[in-house]
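An overview of the molecular structure
These are the residues of each chain, in order.
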Amino acid sequence: MRRPLVKAILLLSVLAAGLGGPAWAQSREKAWELNPWVGFTTFDKKVGLDDKMSYGFRFGYNWSKHHMVEFGFSSVSTRDSKTGELKADLLTGNVNYVYNIFLHRRDRVVAFVTAGAGIVSVSTFGLTANPDLIGDENRFLTNYGAGIRFFGGRRAGFRLEARQYSYSPAGGGDAQDFTEFSAGMTIVLGGA
């Protein structure tokens, strides 16, 4: 299961390095950033779901060098850990605030912290003794995380991130948590 993730990270690293040039990219005021990514999602053990590969896309706008608003979408398909008969698809959409922390004097390495809120759509289907587990629900979702961007060219860089999500299932109960680890490219468009 982890081999495709390692291959995807290596491929993205090679692509980011190949886009290098003499001028370095940076988080610039009034610039848009695009971030296609692949990752790995781990679920809280009390939820009883297998950890799986995930995919997503983020785009953000830097209204200043340090402050950015970002919109993100992700998807993961998994199954229950005990029988494997119950399947679950999670789709997320969220809005996040990102604060950039510059670690290199030429802005080649940018760490960041982020937090936000959104919606998670959970669709469960399959064979189970409890029919209440089958169905679709949309729930309010919160998240926070941190990451780092390595810029290798004027318009491109490599991004690593970890993000913790939390939502409450329908009908009450304990909050359900999952963690998303992602790696992808950062593509910078425009800017002052």
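Check the entry above for the structure.
Residues numbered from 1 in each chain as written. Predicted model: local features only at pLDDT ≥ 70, side-chain atom pairs only at ≥ 80, totals over all residues. Heavy atoms only, no water.

1. Focus: the overall build of the chain
Secondary structure summary: the chain contains one helix and eight strands in total. Looking at the chain as a whole, 41% of its 192 residues qualify as buried. Relative to all contacts within the chain whose residues are 6 or more apart in sequence, the contacts with residues 24 or more apart total 62%. As displayed, the chain has an accessible area near 9,800 Å², and 63% of this comes from carbon and sulfur atoms. (Helix = DSSP H or I, 4+ residues; strand = E, 2+ residues; numbered from the N terminus. Buried < 20%, exposed > 50% of the residue type's maximum accessible area, 1.4 Å probe, protein only. Contact = heavy atoms within 4.5 Å. Areas by Shrake-Rupley, 256 points an atom, 1.4 Å probe, with all protein chains shown as cover.)

2. Observations concerning the side chain of Thr 92
Note on placement: Thr 92 falls in strand β4 (residues 86-102). A distance of 2.4 Å separates polar atoms of two side chains, one belonging to Thr 92 and the other to Ser 74. Excluding anything up to four places from it in sequence, Thr 92 contacts Gly 72, Phe 73, Ser 74, Ile 119, Val 120, Leu 141 and Phe 178. (Polar contact = N/O pair within 3.5 Å; in protein donor to acceptor, adjacent residues only side chain to side chain.)

3. A look at the side chain of Asn 35
You can see Asn 35 is positioned in strand β1 (residues 31-43). Using a relative accessible area of 2% as the deciding quantity, one classes Asn 35 as buried. There is a polar contact of 2.7 Å between the side chain of Asn 35 and the backbone oxygen of Met 185. If sequence neighbours within four positions are ignored, Asn 35 has contacts with Gly 56, Phe 57, Arg 58, Arg 159, Gly 184, Met 185 and Thr 186.

4. A word on the environment of Phe 71
Of note, Phe 71 is situated in strand β3 (residues 67-79). Given the relative accessible area of 29%, Phe 71 is considered partly exposed. Measuring from C-alpha to C-alpha, the distance between Phe 71 and Arg 58 comes to 5.6 Å, with 13 residues separating the pair along the chain. Excluding residues within four positions of it along the chain, Phe 71 makes contact with Phe 57, Arg 58, Phe 59, Asn 94 and Val 95.

5. Description of the sheet that holds strand β6 (residues 135-151)
With respect to topology, eight strands assemble into a closed barrel ordered β1-β2-β3-β4-β5-β6-β7-β8, the strand pairing being antiparallel. Strand-to-strand twist across the sheet, computed as the mean angle between neighbouring axes with direction ignored, equals 25 degrees. Here strand β5 (residues 109-126) runs beside β6; their pairing, made up of 16 bridges, is antiparallel. Following the sheet pairing, Gly 116 is matched in β6 by Asn 143. (Pairing = 2+ DSSP bridges. Axes fitted to C-alpha atoms, helices over the stretch in contact; angles between N-to-C directions.)

6. As for the pattern of salt bridges
Tallied over the full model, the rule gives eight salt bridges. With its nearest N and O atoms 3.6 Å apart, the salt bridge here joins Glu 33 to Arg 149. Of the two residues, Glu 33 sits in strand β1 while Arg 149 sits in strand β6, which places them 116 residues apart along the sequence. Neither residue differs from the other here; Glu 33 and Arg 149 are each classed as buried. Linked through salt bridges whose partners overlap, the residues forming this network are Arg 58, Glu 70, Arg 159, Glu 161, Arg 163 and Glu 180. (Salt bridge = Lys/Arg side-chain N within 4 Å of Asp/Glu carboxyl O.)

7. Section: the pairing of β4
Regular strands place their side chains on alternate faces of the sheet. Here 13 bridges tie β3 to β4, and the two strands are oriented antiparallel to one another. Residue pairing in the sheet places Glu 70 in a bridge with Asn 96 of β4. Here β3 hands over to β4 after six residues, with Gly 84 in that stretch at a positive phi of 75 degrees. Here 17 bridges tie β4 to β5, and the two strands are oriented antiparallel to one another. Each residue of the ladder has a partner; that of Asn 94, found in β5, is Gly 118. The antiparallel hairpin formed by β4 and β5 contains six residues in its connecting segment, where Asp 107 sits at a positive phi of about 65 degrees.

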